[in-house]
Each structure stands twice: as structure tokens, then as C-alpha cells.
Amino acid sequence: MTAALPDAVVPGPVLVIGCGLIGTSVALGLRDLGVQVHLRDARPSNVELAASLGAGTADPVEVPALVVVAVPPAAVVETARAALAEFPSAVVTDVASVKGSVCEALTDPRFVGGHPMAGKERSGPMAASALLFEGRAWAVVPADGTDLGAIALVEQVATALGSVVRRMDAASHDRAVALVSHVPHLVSALTAGLLTQADGDDLALAGQGLRDVIRIAGSDRGLWVDIIGSNAGQVGAILDDLAVRLDDLRSAVHRADGSVAEHLDRGRAGVARVPGKHGEQPAALASVFVSIDDTPGELSRLFAAIGDAGVNIEDMRIDHELGRLVGVVEVVVQAGVAEHLHTALTERGWAAFR
Ligand SMILES: NC(=O)C1=CN([C@@H]2O[C@H](COP(=O)(O)OP(=O)(O)OC[C@H]3O[C@@H](n4cnc5c(N)ncnc54)[C@H](O)[C@@H]3O)[C@@H](O)[C@H]2O)C=CC1
Ligand SMILES: O=C(O)C(=O)Cc1ccc(O)cc1
């Protein structure tokens with residue numbers, strides 16, 4: 001039996017083509033909003049998996065209001081073009097990480113380029129989540145001749161999925177994502193690549209800082225070869241700049257005269273410029289660290305204690321100590337309540353420290 005869905009806040013039916021991480025996440029989010037969703041994928045097993053997760057139906061759709069093309073970047077133009085022809089009244093949008101080549105090739109007024117700035121280092125429907133887009137930017141990239149109703153529908157869907165819409169042109173988008181996504185990805189991969197030379201014992205010292213830097217390096221190789229290849233001009237220009245800075249940093253380290261501080265200061269200034277969720281300036285946050293036994297139920301006890309203390313968790317990370325059944329939970333909270341949380345947890349018997 002299918003659970004009753006709430007009244008839809010966006011018109012359907014919606015056809016999602018490409019039931020991987022992003023397509024299935026869009027589908028799950030739309031289903032939660034009561035939208036009728038149909039699924040299609042070159043791999044029937046991915047449609048089956050997505051449907052079994054509750055993302056929609058594999059049944060064919062006759063007249064979709066919207067088609068969301070969520071296939072790898074290299075397949076977007078062909079897939080969107082075919083969808084525009086097959087469904088002559090539908091708005092068609094995509095989610096590809098690079099927009100220049102896509103928007104140049106697809107000049108139909110019913111096509112609106114899109115790119116949710118949310119994802120994971122895992123691919124496929126099993127990694128999908130209805131909440132993936134919550135609080136994330138969603139770039140909407142119309143062209144001069146794009147139908148205004150089509151733009152409004154795509155922005156309505158992105159907003160309904162919890163995203164904050166950023167309307168921009170394709171060139172600005174590709175320049176921006178080269179800086180905030182594509183080059184950081186390559187730097188993460190380079191850093192992670194260094195670890196292949198490491199002695200196993202050295203890696204036993206790895207902590208959360210390393211994991212933060214290398215997480216995205218675990219992403220799908222094929223997808224990223226595609227993304228970097230599609231945005232090679234913008235990515236290459238930033239790498240040229242980075243190469244000069246790396247050379248300068250290298251000299252500073254060899255001189256050991258303290259001038260490495262200039263690079264560290266510039267890094268701190270860059271961190272401070274990144275907005276928080278919903279595009280606000282970053283709130284002043286602080287961490288409280290709590291040592292926990294790595295046993296079932298321990299985390300939920302900790303969350304309950306934080307709730308009892310009346311504190312909202314902004315973010316959290318768990319750092320397991322290798323070879324020991326304990327872990328350290330970093331609880332990130334508004335700076336103004338960190339001391340209160342520290343005291344409250346200590347009073348309740350937790351090993352908390354700042
Ligand atoms: N992975 C991420 O974190 C993000 C990815 N994107 C973009 O989303 C799109 C999809 O990426 P993911 O969901 O991560 O990939 P994925 O590998 O999880 O899913 C892609 C799906 O498309 C299917 N597919 C491939 N070629 C097809 C074709 N010609 N027709 C129909 N289905 C086809 C595959 O079978 C697979 O199910 C890409 O364009 C990517 O640039 C956007 C934001 C974040
Ligand atoms: O995993 C993460 O944190 C990401 O930032 C994922 C991501 C990958 C590709 C995109 O085009 C947008 C976002």
C-alpha cells in the first residue's frame with residue numbers, strides 16, 4: 001500500500017531521468033512534497049532501487065510538467081534534447097555541475113539550466129536523501145530567450161526542496177564553481193594522493209583535520225573527469241594561480257623565517273568569507289568536545305543531554321580513536337552557548353572539554 005501524500009506544492013507529474021545520487025534525492029524530496037514522480041535511467045536496476053526507496057514509479061509518464069535530467073554531465077545535452085522533443089509541453093531542467101556547454105547547446109525556451117550545490121562523495125540511488133538540498137544554494141541558469149514560466153517552475157521546485165535559489169549566467173556559474181568546488185576537489189585529491197606513499201603506522205595518527213580535507217577525494221572518478229574536462233578553462237586558470245602560490249609557500253617553508261604566516265593568514269581570511277547556510281555570514285560558532293564510549297545508544301544519550309541543556313547543535317563530527325572503543329564527538333554550537341553546554345554536560349557526568 002502506498003502512504004497518502006500531502007497536497008503537492010509544485011505541479012506534477014515530474015519525470016526524473018538519471019536515478020543516481022542527485023536524481024533520486026530530487027525524486028525523494030518531491031515525493032515527500034506530494035508530487036507524482038516518474039523515474040527513468042539507462043540502468044533499469046537503478047530505477048528499481050530508487051522506486052523501492054519510495055522515490056516514485058517506473059511507469060511511463062505521458063505529459064510531465066517538468067523533466068529533471070540528472071545524468072552525468074557528458075550525457076546531459078543529448079538526454080535533455082530528447083526530453084524536449086518527447087514532451088513538447090514540459091519544462092526541462094538539469095543538475096549538471098558545469099553549465100557553459102549545456103546552456104550553449106540547449107537554447108529551447110523550455111530548457112532551464114540548474115545546479116544544486118549539494119552532493120556527497122558517494123554515487124547512486126542508495127546514497128540519496130530527500131534532505132540533501134536543505135539550506136544549500138541551487139544555481140538557476142536561464143538564457144536570454146528562456147520562458148519566464150519555465151524559470152519560475154524550476155525555482156519553485158528548488159525552493160520547495162529547501163534550497164536557496166541563485167540566478168546567474170552560465171559563465172559566472174562556471175567561474176564560481178571552479179573556485180568553490182572544482183579546484184578544492186582537485187586539491188583534496190592531491191592531498192589524499194600523498195597518503196599512498198605513507199607508512200601504515202603514520203596513517204594510524206590520522207585525525208579529523210585530514211578527513212575534512214580528503215573527504216571529497218573519495219568521489220566517483222568518472223564523474224569528476226567529466227566535470228573537470230567540461231570546465232577546463234576556468235579550472236586551469238585557477239590552478240595556474242595556485243601553482244604560483246604553492247611555489248611561494250614552498251620557498252617560505254624552506255626559508256623557515258616565519259613568512260609562512262602570510263599564507264596561513266590568507267587562508268584564515270578565506271575561511272571567514274565563506275557564508276553559512278542560507279547565504280548568511282557565518283555565525284560565530286564554537287566546539288565542545290565530548291569523549292564517549294563507542295557503544296550502542298551512547299550518541300542518543302549525548303543528544304538527549306544536549307537537548308536537556310536547551311542547546312541547538314549546528315554541526316557535529318565523530319573522531320574514533322583507532323583500536324579503542326571510544327570516540328570523541330565534536331559538538332559545534334553557537335559560540336554564546338558553548339560554555340553553558342560544557343558546564344551542563346560536565347555536571348551530568350560527561351567527559352566534556354573545550
Ligand atoms: N555527485 C554530486 O555530489 C553532485 C552531482 N551533480 C550533478 O548531478 C548529475 C548526476 O550526478 P550523480 O547523481 O552524482 O551521479 P550518479 O552516478 O549517482 O547517477 C547518474 C545516473 O545517471 C544514469 N545515467 C547515465 N547515463 C544515462 C543516460 N544517458 N540516460 C539515462 N540515465 C543515465 C546512471 O545510470 C546513474 O543512475 C551530474 O551531472 C553531476 O554533475 C550536481 C551536484 C552534486
Ligand atoms: O560532497 C560535497 O560536499 C560536495 O560539495 C559535493 C558536490 C559535488 C559536485 C557538485 O557539482 C556540487 C556538490
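Residues numbered from 1 in each chain as written. Chains lettered and ligands numbered in written order. Predicted model: local features only at pLDDT ≥ 70, side-chain atom pairs only at ≥ 80, totals over all residues. Heavy atoms only, no water.

The protein chain has the name Prephenate dehydrogenase in an unreviewed UniProt entry, where Aeromicrobium phoceense is given as its organism. Entered under Sequence similarities (unreviewed entry) in the UniProt record, the comment concerning the protein chain runs "Belongs to the prephenate/arogenate dehydrogenase family." What UniProt states about the protein chain under its Pathway (unreviewed entry) heading is, verbatim, "Amino-acid biosynthesis; L-tyrosine biosynthesis; (4-hydroxyphenyl)pyruvate from prephenate (NAD(+) route): step 1/1." (UniProt positions renumbered as here; feature names shortened; annotations may be inferred.)

*Asks:* Looking at this structure, how should I read the site of ligand 1?
*Replies:* Taken together, 27 residues form the shell around ligand 1, and within it Asp-41, Asn-46, Val-71, Ser-97 and Gly-124 come nearest. Ile-22 places a main-chain nitrogen or oxygen 2.9 Å from an oxygen atom of ligand 1. Alone, ligand 1 offers 830 Å² of accessible surface; in the complex the protein occludes 83% of this. Elements with a minimum of two residues in the shell around ligand 1: α1 (21–32), α3 (73–86) and β5 (111–116). (Near = heavy atom within 4 Å. Polar contact = N/O pair within 3.5 Å; in protein donor to acceptor, adjacent residues only side chain to side chain. Areas by Shrake-Rupley, 256 points an atom, 1.4 Å probe, with all protein chains shown as cover. Helix = DSSP H or I, 4+ residues; strand = E, 2+ residues; numbered from the N terminus.)

*Asks:* Honestly, the site of ligand 2 in this entry has me stumped. Any pointers?
*Replies:* All residues adjacent to ligand 2 are Ser-97, His-115, Ala-118, Gly-119, Lys-120, Arg-215, Ile-216 and Trp-224. At 2.7 Å from an oxygen atom of ligand 2 is found a side-chain nitrogen or oxygen belonging to Ser-97. Between an oxygen atom of ligand 2 and a side-chain N or O atom of Arg-215, the distance comes to 2.7 Å. Considered on its own, ligand 2 offers 340 Å² of accessible surface; in the complex 78% of this is hidden by protein. Taken together, domain 1 (14–168) and domain 2 (174–272) each give at least three residues to the shell around ligand 2, which thus spans both. (Domains from an automatic or database assignment.)

*Asks:* Mind showing me how you'd approach the pattern of salt bridges here?
*Replies:* Opposite charge on two side chains allows them to pair when their charged atoms are near. The tally for this structure, following the rule as stated, stands at 10 salt bridges. Across the pair Glu-298 and Arg-301 runs a salt bridge whose closest N-O atoms are separated by 3.4 Å. Remark: Arg-301 and Glu-298 occur in helix α12 (residues 298–308); sequence separation between them is three residues, near one turn of the helix. (Salt bridge = Lys/Arg side-chain N within 4 Å of Asp/Glu carboxyl O.)

*Asks:* What's the story with a nonpolar patch on the surface in this structure? I'm lost.
*Replies:* A surface patch of nonpolar side chains, amounting to about 250 Å² of accessible area, comprises Leu-49, Leu-53 and Met-126. Inspection of the secondary structure assignment puts Leu-49 in helix α2 (residues 44–52). (Patch = residues over 30% accessible without salt bridge, like charges linked within 9 Å, V, L, I, M, F, W, Y side chains within 5 Å.)

*Asks:* Looking at this structure, how should I read the domain arrangement of the protein chain?
*Replies:* For the protein chain, the assigned domains are domain 1 (14–168), domain 2 (174–272) and domain 3 (285–353). The C-alpha centroid of domain 2 is placed 30 Å from the C-alpha centroid of domain 1. At the junction of the two partners, domain 1 supplies 12 residues and domain 2 supplies 15 residues. Taking both sides of the interface into account, the surface hidden between domain 1 and domain 2 amounts to around 980 Å²; carbon and sulfur atoms contribute 59%. Put simply, domain 1 and domain 2 have one salt bridge between them. In this structure, Arg-215 and Glu-121 form a salt bridge, with 2.6 Å as the shortest nitrogen-oxygen distance. Our count for the contact surface shared by domain 1 and domain 2 stands at four residue pairs in polar contact (both at pLDDT 80 or more). The class makeup of the residues in the side of domain 1 that touches domain 2 is five nonpolar, four polar and three charged. (Contact = heavy atoms within 4.5 Å. Buried area = accessible area lost by both parts, 1.4 Å probe. Nonpolar A, V, L, I, M, F, W, Y, C, P; charged D, E, K, R; others polar.)

*Asks:* What's the story with the environment of Asn-46 in this structure? I'm lost.
*Replies:* In this fold, Asn-46 is placed in helix α2. Other than its neighbours up to four places away in sequence, Asn-46 contacts Cys-19, Asp-41 and Pro-125.

*Asks:* In this structure, what is going on with the environment of Asp-108? I would like to understand it.
*Replies:* Position of Asp-108 relative to the elements: it lies in the loop between α4 (100–105) and β5. With relative accessibility at 25%, the residue Asp-108 sits in the partly exposed group. Between the C-alpha atoms of Asp-108 and Leu-84, which are 24 residues apart in sequence, the distance is 8.1 Å. Within the structure, the side chain of Asp-108 is placed 2.7 Å from the backbone nitrogen of Arg-110, a separation counted as a polar contact. (Buried < 20%, exposed > 50% of the residue type's maximum accessible area, 1.4 Å probe, protein only.)

*Asks:* Would you mind showing me how to read the pairing of strand β6 (residues 137–141) here?
*Replies:* A regular strand places its side chains so that they alternate between the two faces of the sheet. A large share of β6 lies buried, amounting to four of its five residues. Where β5 and β6 come together, four bridges link them in antiparallel fashion. Residue Pro-116 lies in a different strand from β6, and its bridge partner there is Trp-138. One ladder, built from four bridges, connects β6 with strand β7 (residues 164–167); its direction is parallel. (Pairing = 2+ DSSP bridges.)

*Asks:* Explanation requested: α3 in the structure shown.
*Replies:* An α-helical segment advances 3.6 residues per turn. Residues three or four places apart therefore align on the same side. Between its first and last C-alpha, α3 extends 20 Å over 14 residues, near the 20 Å set by a 1.5 Å rise per residue. All of the buried residues along α3 are Pro-73, Val-76, Val-77, Thr-79, Ala-80, Ala-83 and Leu-84. (Expected span 1.5 Å × (residues − 1).)

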